[in-house]
Amino acid sequence: MTSLAWLMVPLAMIGVVRVCVVLVAADLYDLSLHRSRPLPYTPTVWVVIPAYNEELCVARAVQSVLDSDYGDVSVIVVDDGSVDGTVAALRHFGSRVHVVSQENTGKAAAINTGMHLVGDGLVMVLDADSTLSRTAISKMVAHFADPMVLAAAANVKIADQRGVLGWVQRLEYAVVHRLKQGYTVFNCEYVIGGVGSMFRTSIVRACGYFDTDTMTEDIDFSMKILSVRGNFDWRIIFAADAIAYTQAVPSLKGLLRQRFRWKFGRLQAFCKHRSLFFGKSCTRLLSWVHLPYTAAGEVLVLFEPVFIYVVVTATFQTGWFTGILLLCAVYTGVAVFTVVGDLTEPLRAKVPLLALAPLAYPLLMVIVFVDFVAVLRSLFTVLRGYRPVGRWEHVERTLTSVPG
């Protein structure tokens, strides 16, 4: 027990130091948003929305794009063999939206169908259950005025959160995206998520479009860009001021299913693009530090129950509750600095999150549990020899409004 505890203490300290360094870098990122932008850059933007059985949400997603303050935008919806009223929900948009229907072949294939219809400029991929803020596209385009930027991830926020799970995801997204600002400063971002992600159409063609052999086509394609172009002369970034909204997963079962897809897909992408690890095509900070650390973190999640057992047992054996209090204090501090430092949130939205900050540790332990189950399931999936590929994975939909 003692030796195990001594092993976990330095690992925990490394994790805390890492988070603190990245949060400081996130503050530097905030300063960069206030710097003057380069000369006006107004390319044509295409928004590709892949959809499968999305009659409840797709019209809302399309409307949020049409309400954009950016002028030169075209919308392409690819209906991937839906058997509900997805296509019917789009009819009232008329010629403003290009709808393409095809046989059901998976999300990545649907994205590729849309990608083949775009011209030169920028292309955004938007999930059909998500929406954009009015300024999201124009804010995103401004980042591409830097010719080094090949792709950018939007700042995705949980909208209309309800219940404990909703607030857990709201807090998780806030912390994770704050850290992504720091990764951008260090030029070690490697994930351009599927909600509101934007790419130069030239890099999409150069990379041969999205692959269909992993469960997370967005992570796979992001790492594919790094494999093809590296990050010495080019960058993939996080655009904190480009806001997109998505719905919280309302049930624990749905959250477990979603996170299994994320975890297994990430592991697939790591294996597929393993040449990025300790390689020469990218900076050492990404290849030798960030990617290995992230991969190790996926494995260490399996030991989280052991860590909790050691902490709890040691606490009750010694009567020294300071350890647990320190853990709670660290998580509370991270939550507070994350919320206070977020320049994209109005004060009224920060107040409930700040009120939740003292409960950050137990709340985020819900995500740790979900991640543990997802990684464990991924391990069993590998041992069984099953190799899931790209397919549609829907969580429960609601009819609640989403800010646009």
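Residues numbered from 1 in each chain as written. Predicted model: local features only at pLDDT ≥ 70, side-chain atom pairs only at ≥ 80, totals over all residues. Heavy atoms only, no water.

The Sequence similarities (unreviewed entry) field of the UniProt record for the protein holds the comment "Belongs to the glycosyltransferase 2 family." (UniProt positions renumbered as here; feature names shortened; annotations may be inferred.)

Further remarks concern the pattern of salt bridges. Tallied over the full model, the rule gives 16 salt bridges. The shortest N-O distance in the salt bridge between Lys263 and Asp371 comes to 4.0 Å. With Lys263 in helix α8 (residues 252-272) and Asp371 in helix α13 (residues 360-383), this residue pair connects regions lying 108 residues apart in the sequence. Under the relative-accessibility criterion, Lys263 is labelled buried at 13%. The network of salt bridges with shared partners includes Asp211, Asp213, Asp220, Lys224 and Lys272. (Salt bridge = Lys/Arg side-chain N within 4 Å of Asp/Glu carboxyl O. Helix = DSSP H or I, 4+ residues; strand = E, 2+ residues; numbered from the N terminus. Buried < 20%, exposed > 50% of the residue type's maximum accessible area, 1.4 Å probe, protein only.)

Evaluation of the coordinates by the stated rule reveals eight aromatic pairs. Ring geometry for Phe199 against Phe221: centres 5.3 Å apart, planes inclined by 80 degrees, an arrangement best described as edge-to-face. Taken together, the residues Phe199 in strand β7 (residues 197-200) and Phe221 in helix α7 (residues 217-229) connect sequence positions 22 residues apart. Here the two residues Phe199 and Phe221 agree in accessibility, since each one is buried. Cluster of aromatic residues (ring-pair linked, three or more members): Tyr190, Phe270 and Phe277. Above the ring of Trp234, the side-chain terminus of Arg229 is found at 5.4 Å from the ring centroid. Cation over ring: Arg284 sits above Trp288, and NZ or CZ is 5.8 Å from the ring centre. (Phe/Tyr/Trp six-rings, centres within 6.5 Å; stacked < 30°, edge-to-face > 60°. Lys NZ or Arg CZ within 6 Å of the ring centre and 35° of its normal.)

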